[in-house]
Amino acid sequence: MSTGTVSPIVVLTERRNPARSRLGRDLYALAQRLDDALIVLQPPAPTYANPAAHRLLELLEGQPPDERCGERLMALLPLRLDNGEPSNRHATVTLTSAAGERCTLQVTEIPLGEGEDGGRSRCLLLRDVTVMQQREEELQRRHAELQQAYLRLAGAQEQLLQSEKMASIGQLAAGVAHEINNPIGYVNSNLATLQEYLRNLLTLLHAYERVLPPGSEAEAATEIADLRARFDLDFMLRDLPELVAESREGIERVTKIVQDLKDFSHAGRGESWVMADLHKGLDSTLNIVWNELKYKVRLEKHYGQLPLVECLPSELNQVFMNILVNAGQAIAERGHIEIATGHEGEDVWVSIRDDGEGIPDAVLPRIFDPFFTTKPVGRGSGLGLSISYGIVAKHHGRIEVDSAPGKGTTFRVVLPVRQPHAAGADAR
């Protein structure tokens, strides 16, 4: 502290303008609270050192400071201060602390005014940039840790998304197998019938070959007529095109189901944003979940005119699947599901409404919470709607829910036609 009873900051201020003594006292209070060391140099010797200067001296010397703190601290600084014109001057000084650690100080010389002997008073502001460097290094280290944590979180989220997809596929596996088995069954049956038809046709053709020699027209006509009647050639000729067409339709159904299942189970890793047809995604998803719905649901589709939407198609398909499966499970015996789409301004919407049991008011605020479910054990993980909410938020959209117990539930997914980053790029 100062050797006098009044701070030299106050004295200097009053000497220049007594009316500003209050300002000088405020400056003194500020100096006392500074984290940076402050020394007032009032010729012929330092007259003031703030508490931060005392702490700095103790760090450097390893001894408690005294009222000569300013002089002792100045003696450690390899600085040459002249009595020239007042100006702000800067220097960087590296010292070794009593503990043997390097300490880098940033020194700023600030002019204050004239002393009693005509010399110029000034102050030195010493900032320990070692601490700042350590803080910066600590910030960089924590930033790197946060980046690693973010990457791990992103990886965990992707694994969770894929896990939920696989869980959903597992629940639907039996139904999908049934859907595949049906067309395969009648394709196999049709091919067996087709094989028999071909065998009969070959027999008939061989008969034609045997009756080719001249002079046997009557016998040939009788044998051919018998064969035509026995094999019902007229029916075979009508049924063959239908068998082939039905078989091709069955194979196309199997191919479509397998392809939809493959598209849905795609992990999405590295999937890029594309302009996609939401109606195609809805139909593809319906093809997968239809076995869960067809025995108790009457489905209505009211598709509006939709533009192509910038999105991650496989992720939106999972949103539609989660909502459709929930709608089917909300219907106990027989019910109705309505899918509608529309376009409003810069947004499109997909509405899925069921007339099932509805969601109680006490449960409604929690339906998007992770791991929350009202389904029996083994029927739900509590992640479907939570993941759906995250996917829609990732698309800068929203999910609206309207439900009443006993009257059904409506989920409305609203999405922008173009993502904000794309709109910004177009504007540029």
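Figured I'd write up the structure that's included with this text. (Residues numbered from 1 in each chain as written. Predicted model: local features only at pLDDT ≥ 70, side-chain atom pairs only at ≥ 80, totals over all residues. Heavy atoms only, no water.)

### Looking at the packing of aromatic side chains
For the structure on display, the rule yields two aromatic pairs. Here the aromatic rings of phenylalanine 368 and tyrosine 389 are separated by 5.1 Å at their centres, their planes lie at 45°, and the arrangement is tilted. Here phenylalanine 368, found in the loop between β10 (347-354) and α10 (384-394), pairs with tyrosine 389, found in helix α10; they are 21 residues apart in sequence, far enough to count as distant. Here tyrosine 389 falls in the partly exposed class, since its relative accessible area comes to 44%. (Phe/Tyr/Trp six-rings, centres within 6.5 Å; stacked < 30°, edge-to-face > 60°. Helix = DSSP H or I, 4+ residues; strand = E, 2+ residues; numbered from the N terminus. Buried < 20%, exposed > 50% of the residue type's maximum accessible area, 1.4 Å probe, protein only.)

### A short note on the packing of helix α3 (residues 51-61) against helix α4 (residues 69-76)
The interhelical angle for the contact between α3 and α4, taken along N-to-C directions, is 50°, at an axis separation of 10 Å. Considered as vectors, α3 and α4 are oriented oblique to each other. In terms of crossing hand, the pair formed by α3 and α4 is left-handed. Residue-level contacts link Ala53, His54, Leu56, Leu57, Leu60 and Glu61 of α3 to Cys69, Arg72, Leu73 and Leu76 of α4. In the contact of α3 with α4, the residues fall into seven nonpolar, one polar and two charged. (Axes fitted to C-alpha atoms, helices over the stretch in contact; angles between N-to-C directions. Parallel < 35°, antiparallel > 145°, perpendicular 65-115°, else oblique. Left-handed = near helix turned anticlockwise from the far one by under 90°. Contact = heavy atoms within 4.5 Å. Nonpolar A, V, L, I, M, F, W, Y, C, P; charged D, E, K, R; others polar.)

### With respect to the nonpolar core
Grouped together as the largest cluster of nonpolar side chains are 38 residues, with contacts concentrated most on Leu278 and Ile337. Top contributing element to this core by residue count: helix α9 (residues 313-330), with eight residues. When neighbours within four sequence positions are excluded, isoleucine 337 is seen to be in contact with Leu293, Val297, Arg298, Leu299, Glu300, Leu324, Ala327, Gly328, Ile331, Ile352, Arg353 and Asp354. With 19 residues, the next largest nonpolar core counts Ala49, Leu73, Cys103 and Leu105 among its residues. (Core = buried A, V, L, I, M, F, W, Y, C linked by side-chain atoms within 4.5 Å.)

### Some remarks on a nonpolar patch on the surface
Residues Leu202, Leu205 and Tyr208 make up a contiguous nonpolar surface patch of roughly 280 Å² in combined accessible area. Mapped onto the fold, leucine 202 is located in helix α5 (residues 129-210). We classify leucine 202 as partly exposed; its relative accessible area is 49%. (Patch = residues over 30% accessible without salt bridge, like charges linked within 9 Å, V, L, I, M, F, W, Y side chains within 5 Å. Areas by Shrake-Rupley, 256 points an atom, 1.4 Å probe, with all protein chains shown as cover. Salt bridge = Lys/Arg side-chain N within 4 Å of Asp/Glu carboxyl O.)

### Brief notes about the pairing of strand β12 (residues 408-416)
The buried fraction of β12 amounts to eight of the nine residues, a majority that puts the element mostly inside the structure. Taken together, the eight bridges between β10 and β12 define a ladder with antiparallel strand orientation. Counterpart to tryptophan 349 in the pairing with β12 is valine 414. Pairing of strand β11 (residues 398-404) with β12 involves seven bridges; the strand directions are antiparallel. By the bridge assignment for β12, alanine 404 is matched with glycine 408. (Pairing = 2+ DSSP bridges.)

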